[in-house]
Each structure stands twice: as structure tokens, then as C-alpha cells.
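Listed below are the residues making up each chain.
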Amino acid sequence: MKPAATILLSSLVCFAGGWVAATRFSDSAERSAPVSTGPSSASAVRKKTSSTKEVSPDPGPPAAGATYGELMENFRGGSDLSAQGRMASYAAGLKLNEVKKALEQFKGMGFGADPRMSALQGMLYQRWAEIDNAGLLAASRSTGDMMARFLGGSAAVRQMARQDPVAAWKEAESFGSRSWGMTESVISEIQGTNPRQALDLIKLSKSRESIWNVSGLMASWAATDPQGASAAVAELPPGELRGRALSSIASGWAARDFNAAFAWAGSLANPGERSNALGETLQSLAQNDPGRATAFLDGTELGASRSAVLTQITTTLALKNFDQAVEFALGRGSFQDKSNALSSLGRALTPENRDRFIALAESLPANLAKVVYQSAVSDLVYSNPTEMRALIDRIPQASIRESVTQRAVDRLDWTAPEEALALFNTLQPSSQKADDAGNIANYLATYAPEKALAWADTLTNPALKKSVLSRTLAAWAENDPAAATARLATITDNELRLEITRSIAGGMVGRSLTEAEKWASGLSGSQRSAAMAAVVEAASHQDPARSESLYQAFAAGLSPEDAARSENHEVARTIAARTAETDPAKAGIFAASLPEGGAREQALAGVAKTWAGYDPGATSAWIDTLPAGRGRDLAAQNLVTTVAHDDPDSAWAWTASISEPDLRRSTAATVLQAWKENGRKADALKALESAGFTPEEKRELTRKLD
């Protein structure tokens, strides 16, 4: 499944293609439009439709210097196609300075809620690319606005791709981590005219984005020249890119000629590639002819693709004839096939067939009835919670009723927390999980904290009570810290009060770091320590420059008992690790300045862990300067675990420097495993022989290599 960001990206790239098409259509229409010799077009439209409905005249494109408000007003009117036509005319008539001025109005707005505004920006950037592509590239590189970088960079490389696709691709990839979507723009520009070159460019990519690029390219290529597409992909080395390309060819080819696509897919030598491609062809067939797809099902080796084909057949059948789909599902031979098919029926439920589907469960064995109930509840969970509750109550088997209820709670907690709470309360105590309770409380507290607290008062399970109170008061503190603080004062259990104090401080940080610091500083004893710990850790994210001074205030207020708590040692580690991301020398000085004890040891370890991730050489030199002791040992261990896979020899040398026996032994196991993974088991055994471990320790560590 594509990540959400990739889905958004794909949508925007599709928009981009639309902008270009709209611009070209507009230019073509202007060149070919006939000259009218009769009444104005607006008058003609009004006369033609006077007997039905009055049609407002097209307002036409706005003036070149239109403000954001004027643009919004103009392009919100009329149909989407009409609005896009006016956008294209507007953008095409602008000069460079007018384009830049118009785009200034969108700076910082992000992707926005109105897709027509995103479309307009795309057309403006396309116009900029036509006038001054080099200037647009420079502007796209220098901006911090993600929308401007994506739309501007994409328009620029598309413009380049029309003359020199290779140069456009290099330009797109040179944006580095900021290049998302730009390579896809190059591919979309040339895939219709030169798919071979598009594939050659994708082969050059080291980015995961190439997986999505190749999917669209090969589906498009296979729709017009499947033989050429399949021959080109055969040249790719085995791997994910080739597998994705073959699956896309199978899908696109099958939509055009199933028989040819199926024969080709079946001829693939690699078993995994063959089963995936066959699965894609049968899914395509099942969309139009589920009966024919069924005939191929049992005689075709589909591997993991079998469930997807079954799902497609069942869903298509159910949309055409639900009873026939049920018959198909029950006619499957294996339990797994029956289960997959029955589950798929839930995707096609309507008010008319839902009762028949649920009634079916009562005639099935319990293991299949469970599938039906789960599928039906998933369909109702958002659309009709009342009917969903009634359905759950109808389930005769207690164990199935319990598992179905748990699934419903998980889906409802953030959309309908009160309904989720009602269901949660029907679960057996052993099925009531603290995480689920906390999630319900968190969402319920955003609008009804009193209800969440009233629920907490009824709970006798300590873990549930702690989770509900912590999440409730943290959410409440973001909106009403005084009320949350007042409720905190009523909690008598010391450990629970400390945990919730941390949660409230975390919630207040969401409002204001300064406000949270002031609140925490006003507390006393362990409560102050717990609250300040949350504030200091938040400061390492929000305001790193203040984190050290806040830590000093936190540490100065710790009692000896609190100073010994491991969670307070972790605060020092967090500050040191975060500081090391940008200034490792400063982080090292901070860690070394702490008094002997757990906080100093963890801070040194935190510096090493972060720093070794990007400069292990400098980290090694720094650890060499540390005095012997547990702090140095932990720092060395963190260095070893970070570099062991890439450099087990150096990692082993550092392991030998660790003085604490248990720590040295566990660190040695990490390095030995790295040697083994690198195919150097003999080197690992040789190093182990001369490492000074006892015979018993050697035997234990040798077993790690088996």
C-alpha cells in the first residue's frame, strides 16, 4: 500500500498533468475558435435556455493584478471545467512579474483545502517555466515553502523534459531529499512518446520513488505496446523494481487482451514474478467477467496473489448478484478461501442484503461465522453504530462476540469515543486493554473531559485507571490547565499522581512551553520533578537553546530519592542526544559536566549514540578522552552497536575496552552477530579465542554464532 504522502503526491502529479492539458487545450481552442458574426455567445446561451433555466454569463479570466480574494471569487464560480478554463486563460496571459506577484499571494498556504487553488498555482508555475525556466529552477531550490518547491520544481523539470529528458531527470534528482514528485513529473511528461527512455531513467534512480514511477509507466506502456513493455522489463535485474513493473504490465495488458496477457504471465520463469503477474491478469478479468476468472482460479498457481483474486471475484459478483456471490464463497474448497471470500462480501453490503449476510452466519460453523460477523460489523462501525451494537448483541458465541467487540472499539475510539466506551464496558475484564482505554479517554476528553473522568472513577483495574486518567488530564490540560490541576489534587496514590503530573505537563507544553515551565516550577517535591522532566524533554524539541538551563533547574530541585530514579536519568540522556544532533562538542561538554551518577552516565551514552550515527570517527576520538567508568563503558557500547554491522573489526576493539564484565559480554554478542551476518564466522571465532573471556562465557558467545 502506498504511504499517505505518496498518495497525495500521485494526486498532485495527476493534477499537474491536468494543468498542462488544460493550458494546451486553451491555446488550441483560441487558435481554432470561429469568429462569431451573430449575437454574443452569452446572449445566445440565455436565449437558448430561456425556457428552462437562466445561465449566468461566464465572468471571464480575472485581471492580471487580481488579489487573492478576487481570484478565489472568480474561480469558485461555475463548474470545475469552466473554472479551470478561466485559470488556463488567466495564467497564459500573464507576464513574468505578474506571475511572481500572483504566486506571492499563496506563499505559506501549503496544499490548502481548495483543490482549484492548487490547480491555479500549478498553472502559474507552468507559465513561469515557459517564460524563464532557469529562474524557476533557482527559485524552487531556494524556497522553504514545500508547495512552491514541489509545484515549481515539477513544472521546471517538465519543461526541460520536452527538450532534454536526461538533463531534466538529473535536475530533478539533484534536489536530493526535496525531490519528491519531480522525477515522476519527468516520467509523466515523456512516457507517452518515449517509454523506453523513461524506463532507462527510472533504472538510474536510487530512490524508493522509482517503485511508484515504474508502476504508472509500465501500465501506460502496456496499454499501447505490451510486447515492447514486457521485452524492456525483462532486461531489468530481479528485484522489487522489476516485480512491480511486471505486475503493472500484466494489469494494463489484461485490460486490453486477457488471453495474451495471461499467456505471457504464465511464461515468466521466476515463480514469484509469475504468480504475481498471473494474479494481476485475473484480477483485471474478474472486474468484468468474474465467472471466467473463477474458471482459472483453481488451475493457476497464484501464491500470495490468490487472496486478492478471490477478493476481486467475490466483490464483483456481489455487486451484480449478492446471492450468487454467497454461493461462490461457500463453494470454495479450503477454509482460507472460504474465509477470504466471505470477508470480501462485507465490502459490497447494502441495507437490502445486510440482513441476509448476517443471517448466513447463523448457519455456518463458528470459525466461518466469526468472519461474517467481523465483516458486517466493520461495514456498520462508522455508518450505523446503533445497528452495529444490535448486531453484536445477536452473536451467540461469547468468544466471537468478544473479538468482534474489540475490533469495533479499535475502530470507533477516535471517531465516536462515547460509543467506543459503551462497547469497551461490555468486554470481559481480561479483554479490556489499557491502551484502548487510554485512546478512548484521549479523544473523549477533547470535548467531554468530565465524562472521561467519571469513567475513571468507576475503574478498579489500576492499569486502566492510570491510562484513562493520564490521557484525560493531558488532553484537558491543553484547553483548561487550571481544571486539570484541580483534578490532579484529588489523586491520593503517589505513583499515579506522579505519572499524571507528567501527563499534564506534557499537555500544557502543547499550549505553551513557558506556561508549562511556570506551572511545573510552582509544584514541590516529586511532583515538581515529574513535571519539570516533561518540560525539559519538550524543550529539547521546541527550544533547544533553553534545554540546558531548564535541565539545571530541574536537577537542582531533585531530592536524593528522585535523583536516583532511572526516569530522571533519561532526561539528561534526552538533552545530550538532541544537542548532539547539531553540536556534539557542546553535548559532550554538557554530559561531562554532570556530577557522577546515573544522569551523567546516560548523558554520555546519549551523545555517543547520536554522534556515532553520522560521524563514528569523531565519536571514537571523543570517547578516548573520557575517564574510565560506567559512563565511558555505556558510550563505547553505543558506538559499537551503531558501527558493528559496517565495521565489526573496529567495533570489536572498542568492545575489549569496556571494563564492566556483563556489559562487555552483551556488547561482544552484538559484534559476533555482525561478523556472522557479514559471512565472517571464522574471524569471529578467532577474535573470541583471544578476547579474555572465561570458558563458560566463550561457550555462551559461541552459541550466538550457530
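A brief report on the enclosed structure follows. Given the structure is predicted, the values throughout are model-derived calculations rather than measurements. (Residues numbered from 1 in each chain as written. Predicted model: local features only at pLDDT ≥ 70, side-chain atom pairs only at ≥ 80, totals over all residues. Heavy atoms only, no water.)

**A word on the overall build of the chain**
So, step 1. Within the chain one finds 43 helices and zero strands.
So, step 2. At a minimum sequence separation of 6, the contacts of the chain that also span at least 24 residues come to 60%.
So, step 3. By element, 52% of the accessible surface of the chain is carried by carbon and sulfur atoms, the whole surface being about 33100 Å². (Helix = DSSP H or I, 4+ residues; strand = E, 2+ residues; numbered from the N terminus. Contact = heavy atoms within 4.5 Å. Areas by Shrake-Rupley, 256 points an atom, 1.4 Å probe, with all protein chains shown as cover.)

**Regarding helix H17 (residues 290-297)**
For an α-helix the count is 3.6 residues per turn, leaving residues at separations of three or four pointing the same way.
So, step 1. If you check which residues of H17 are buried, you get Pro290, Ala293, Thr294 and Leu297. Down the axis of H17, the sector holding all buried residues measures 105°, keeping them to one side.
So, step 2. Where H17 is buried, its residues contact helix H16 (271-288), helix H18 (306-320) and helix H19 (322-330). (Buried < 20%, exposed > 50% of the residue type's maximum accessible area, 1.4 Å probe, protein only. Arc of directions from axis to C-beta.)

**With respect to the packing of aromatic side chains**
So, step 1. Applying the stated criterion to the full structure yields eleven aromatic pairs.
So, step 2. On the basis of an interplanar angle of 35° and a centroid distance of 5.5 Å, the ring pair of tryptophan 253 and tryptophan 264 is categorised as tilted. Residue tryptophan 253 is found in helix H14 (residues 240-256), and its partner tryptophan 264 is found in helix H15 (residues 258-266); the two are separated by eleven residues along the sequence.
So, step 3. Residue tryptophan 264 is classed as buried on the basis of its relative accessible area of 12%.
So, step 4. Arranged with centres 4.7 Å apart and planes meeting at 55°, the rings of phenylalanine 262 and phenylalanine 296 form a pair that is tilted. Residue phenylalanine 262 is located in helix H15, and its partner phenylalanine 296 is located in helix H17; the two are separated by 34 residues in the primary sequence.
So, step 5. For phenylalanine 296, a relative accessible area of 22% gives the class partly exposed.
So, step 6. Grouped by ring-pair contacts, the aromatic residues Phe258, Phe262 and Phe296 constitute a single cluster.
So, step 7. Lying over the aromatic face of phenylalanine 175, arginine 141 brings its terminal NZ or CZ to 4.3 Å of the ring centre. (Phe/Tyr/Trp six-rings, centres within 6.5 Å; stacked < 30°, edge-to-face > 60°. Lys NZ or Arg CZ within 6 Å of the ring centre and 35° of its normal.)

**Topic: the pattern of salt bridges**
So, step 1. Under the counting rule described, the total for this entry stands at 32 salt bridges.
So, step 2. Put simply, arginine 394 and glutamate 362 hold a salt bridge, and the shortest N to O gap is 3.2 Å. Taken together, the residues span a long stretch of sequence, with arginine 394 in helix H23 (residues 385-394) and glutamate 362 in the loop between helix H21 (351-361) and helix H22 (366-383) at a distance of 32 residues.
So, step 3. Here glutamate 362 falls in the exposed class, since its relative accessible area comes to 53%.
So, step 4. The closest approach of N and O atoms between glutamate 697 and arginine 665, which form a salt bridge, is 2.8 Å. With glutamate 697 in helix H43 (residues 695-703) and arginine 665 in helix H41 (residues 661-677), this residue pair connects regions lying 32 residues apart in the sequence.
So, step 5. Judged by relative accessible area, glutamate 697 falls into the buried class, the value being 14%.
So, step 6. If you follow the salt bridges from partner to partner, you end up with Arg196, Asp200, Lys203 and Glu235 in one network. (Salt bridge = Lys/Arg side-chain N within 4 Å of Asp/Glu carboxyl O.)

**Some thoughts on helix H11 (residues 195-204)**
So, step 1. All of the buried residues in H11 are Pro195, Ala198, Leu199, Leu201 and Ile202. Seen from one end, H11 has its buried residues packed into an arc of 160°, which puts them on one side.

**Describing a nonpolar patch on the surface**
So, step 1. A cluster of nonpolar residues, Tyr382, Trp414 and Tyr443, forms a patch on the protein surface that exposes about 370 Å² of accessible area.
So, step 2. Looking at the element boundaries, tyrosine 443 is found in helix H26 (residues 434-445). (Patch = residues over 30% accessible without salt bridge, like charges linked within 9 Å, V, L, I, M, F, W, Y side chains within 5 Å.)

**Notes on the environment of glutamate 273**
So, step 1. Along the chain, glutamate 273 falls in helix H16.
So, step 2. Other than its neighbours up to four places away in sequence, glutamate 273 contacts Pro238, Arg242, Leu246 and Leu268.
So, step 3. Side-chain polar atoms of glutamate 273 contact the side chain of arginine 242, separated by 2.8 Å. (Polar contact = N/O pair within 3.5 Å; in protein donor to acceptor, adjacent residues only side chain to side chain.)

**Concerning the packing of helix H30 (residues 494-511) against helix H31 (residues 513-521)**
So, step 1. Remark: H30 packs on H31, axes separated minimally by 6 Å, with the N-to-C direction vectors making an angle of 150°. In terms of orientation, H30 lies roughly antiparallel with respect to H31. In this structure, H30 contributes Thr501, Ile504, Ala505, Met508, Val509 and Arg511 to the contact, and H31 contributes Leu513, Glu515, Ala516 and Trp519. (Axes fitted to C-alpha atoms, helices over the stretch in contact; angles between N-to-C directions. Parallel < 35°, antiparallel > 145°, perpendicular 65-115°, else oblique.)

**A look at the packing of helix H37 (residues 598-612) against helix H38 (residues 616-624)**
So, step 1. Where H37 contacts H38, the two axes come as close as 8 Å, and the packing angle between them is 155°. Taken together, the axes of H37 and H38 lie roughly antiparallel to each other. Relative to H38, the crossing made by H37 is left-handed. Contact residues: H37 offers Leu604, Val607, Ala608, Trp611 and Ala612, while H38 offers Pro616, Ala618, Thr619, Trp622 and Ile623.
So, step 2. For the contact of H37 with H38, the per-class residue count stands at nine nonpolar, one polar and no charged. (Left-handed = near helix turned anticlockwise from the far one by under 90°. Nonpolar A, V, L, I, M, F, W, Y, C, P; charged D, E, K, R; others polar.)

**Some details on the environment of alanine 434**
So, step 1. By secondary structure assignment, the location of alanine 434 is in helix H26.
So, step 2. Classification of alanine 434 by relative accessible area gives partly exposed; the value is 27%.
So, step 3. Each C-alpha atom of the pair alanine 434 and leucine 464 lies 4.8 Å from the other, and the pair is 30 residues apart in sequence.
So, step 4. Those residues in contact with alanine 434 that lie beyond four places of it in its chain are Ala463, Leu464 and Ser467.

**Side note on the environment of alanine 553**
So, step 1. Here alanine 553 lies in helix H33 (residues 544-556).
So, step 2. Between the alpha carbons of alanine 553 and serine 529 there is a distance of 9.8 Å; along the sequence they are 24 residues apart.
So, step 3. Sequence-distant contacts of alanine 553, that is, excluding residues within four places in its chain, are made with Arg528 and Met532.

**What about the side chain of serine 210?**
So, step 1. Along the chain, serine 210 falls in helix H12 (residues 209-224).
So, step 2. Among the residues examined, serine 210 registers a relative accessible area of 6% and is labelled buried.
So, step 3. Non-local contacts of serine 210, meaning those with residues more than four positions away in its chain, are made with Ile202, Ser205 and Leu241.

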